[in-house]
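Listed below are the residues making up each chain.
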Amino acid sequence: MIGKLYRKSLWNKVKKQDLKIKILDIGAAGESAPIWENSHGICDFITVDPFAPDGTVDIPYGLDSDEFERELYQTDNPYCSSLYAPNIEYLQTKYNDHHIKQRKIANVKKINTKPGDNYLDLFEGLDFIKIDTQGSEHSILEGMSKTINKHKPIMYLETWLEEVYKNAPKTHQIIELLNKMNYEILYIEVGASWSVDRSNSIKKGRRQSVGMDILAMHKETFDLTQSNSKSLLSKIIILELYGMHSHVVRFINYLIDSGCKLSKEYKLNYYSRLRLIPPNWISNILDYFCGNKLSSNRIYPKLYD
């Protein structure tokens, strides 16, 4: 319960500071992650999903590096749908049927894709981007380069180490692109790990890492000549949500030294909240027992939570 109480306390204090966090949610099927619980009235979401019902998202197109007509592969599990064809032939040689069945193609339809920079006028500010698109992360970043360079949002991306989708750029290619965009990796963790025992008879040992989740931040995010203090404080809140406490302390002190009055109040509340969190070794044990069913209670949530 510590994690949930911590984040509830954070959101309650943020509401009193009249801050708005601008979030672009690409691949917005389903509800927001548990870490955004209790953020109503604070977070402004712009949602993107090419196969969401009409009127349920802000951008009903697939984002891409440019304007194209593409094929959308809709799978038995809609969360596995992609602009890249599932690599069933390869998966069948290595992984069990669970991962294959949910990626079986149910329908293929033509859709129009657009670069995210086409929507630059939607973003008066942009603090955070989440990209979960089953393979399209690289082309989406390419098509949003102007928007990203202007607002320098913190970004979370789900990526694949394996060719789960045919010809989809993999983790290392996305990291190379982030580096070219002057982003640094704040945190990276295994987002998907699968057993190569197709019979699923071996219950021990480590599974192969198949997907990686990345949290990244522009190296010039905290440049006061390019961003206002409220926007920077919003980004500090995101760092706090993801448990990047050493970064929070570094940048909150930077804002205070720069004369941001809101930062002083935030720092006082922050250190008060921080007392709720036990030492790392205890937090790790507690988070381990939370598992997936109690993920909203984790002290340090998984990036995909």
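Just so it is clear, the structure is predicted and the values come from calculations on it, not from any experiment. (Residues numbered from 1 in each chain as written. Predicted model: local features only at pLDDT ≥ 70, side-chain atom pairs only at ≥ 80, totals over all residues. Heavy atoms only, no water.)

J.: What's the story with the side chain of Asp127 in this structure? I'm lost.
T.: Of note, Asp127 is situated in the loop between strand S5 (105–115) and strand S6 (128–131). Asp127 sits in the buried class, given a relative accessible area of 2%. A distance of 2.8 Å separates a polar side-chain atom of Asp127 from the backbone nitrogen of Lys22. Polar side-chain contacts of Asp127 include one of 3.3 Å to the side chain of Lys235. Among residues more than four places away in sequence, those in contact with Asp127 are Lys20, Ile21, Lys22, Pro153, Ile154, Ser231, Ser234, Lys235 and Ile238. (Helix = DSSP H or I, 4+ residues; strand = E, 2+ residues; numbered from the N terminus. Buried < 20%, exposed > 50% of the residue type's maximum accessible area, 1.4 Å probe, protein only. Polar contact = N/O pair within 3.5 Å; in protein donor to acceptor, adjacent residues only side chain to side chain. Contact = heavy atoms within 4.5 Å.)

J.: Any chance you could explain the sheet that holds S6 here in plain terms?
T.: Backbone-to-backbone hydrogen bonds join strands into a sheet, with any given pair of strands oriented parallel or antiparallel. The sheet built from six strands is open, its strands ordered S2-S1-S6-S7-S9-S8 with mixed pairing. Taken across any chain shown, the strands that pair with only one partner, and hence form the sheet edges, are strand S2 (43–48) and strand S8 (183–194). Strand-to-strand twist across the sheet, computed as the mean angle between neighbouring axes with direction ignored, equals 15 degrees. Pairing of strand S7 (residues 154–160) with strand S9 (residues 208–218) involves six bridges; the strand directions are antiparallel. The residue bridging Leu157 from the neighbouring strand is Ile214, located in S9. Packing of helix H6 (residues 171–180) onto the sheet brings it into contact with S7, S8 and S9, and relative to S7 it is tilted by some 155 degrees. (Pairing = 2+ DSSP bridges. Axes fitted to C-alpha atoms, helices over the stretch in contact; angles between N-to-C directions.)

J.: How do you make sense of unusual backbone geometry when you look at a structure like this?
T.: Glycine aside, the phi torsion of most residues is negative, and most peptide linkages are trans. At Asn38, a position not held by glycine, the phi torsion is positive, near 75 degrees. Within the secondary structure layout, Asn38 lies in the loop between strand S1 (21–26) and S2.

J.: Could you clarify how one ought to interpret the environment of Tyr90 in this entry?
T.: Structurally, the position occupied by Tyr90 is in helix H2 (residues 88–92). For Tyr90, a relative accessible area of 27% corresponds to the partly exposed category. Distance in space between the C-alpha atoms of Tyr90 and Gly125 is 42 Å, their sequence separation being 35 residues. Once residues within four sequence positions are removed from consideration, Tyr90 is found in contact with Tyr95, Glu162 and Glu163.

J.: Explain helix H1 (residues 2–16) to me, please; I cannot follow it from the model alone.
T.: Note that an α-helix has 3.6 residues per turn; residues three or four places apart therefore point the same way. Here H1 contains 15 residues, and its C-alpha end-to-end distance of 22 Å stays within 8% of the 21 Å for a straight helix at 1.5 Å per residue. If you check which residues of H1 are buried, you get Gly3, Tyr6, Arg7, Leu10, Trp11 and Val14. Down the axis of H1, the buried side of the element spans an arc of 130 degrees, and every buried residue falls inside it. Packed against the buried residues of H1 are S1, S2, helix H7 (229–241), helix H8 (245–257) and helix H9 (261–274). One or two positions beyond H1, positive phi appears at Asp18, with a value near 55 degrees. (Expected span 1.5 Å × (residues − 1). Arc of directions from axis to C-beta.)

J.: Hey, could you run me through the packing of aromatic side chains in this one?
T.: Pairs of aromatic rings are described using the distance from one ring centre to the other and the angle between the two planes. All told, the structure shown has eleven aromatic pairs when counted by the stated rule. With a centroid separation of 6.2 Å and 90 degrees between ring planes, the pair formed by Trp36 and Phe45 is classed as edge-to-face. Aromatic side chains Tyr270 and Tyr271 sit 5.4 Å apart centroid to centroid with 65 degrees between the ring planes, which places their arrangement in the edge-to-face category. With a relative accessible area of 1%, Tyr270 lands in the buried category. For Tyr271, a relative accessible area of 32% gives the class partly exposed. The cationic tip of Arg70 hangs over the ring face of Tyr84; the distance from NZ or CZ to the ring centre is 5.4 Å. (Phe/Tyr/Trp six-rings, centres within 6.5 Å; stacked < 30°, edge-to-face > 60°. Lys NZ or Arg CZ within 6 Å of the ring centre and 35° of its normal.)

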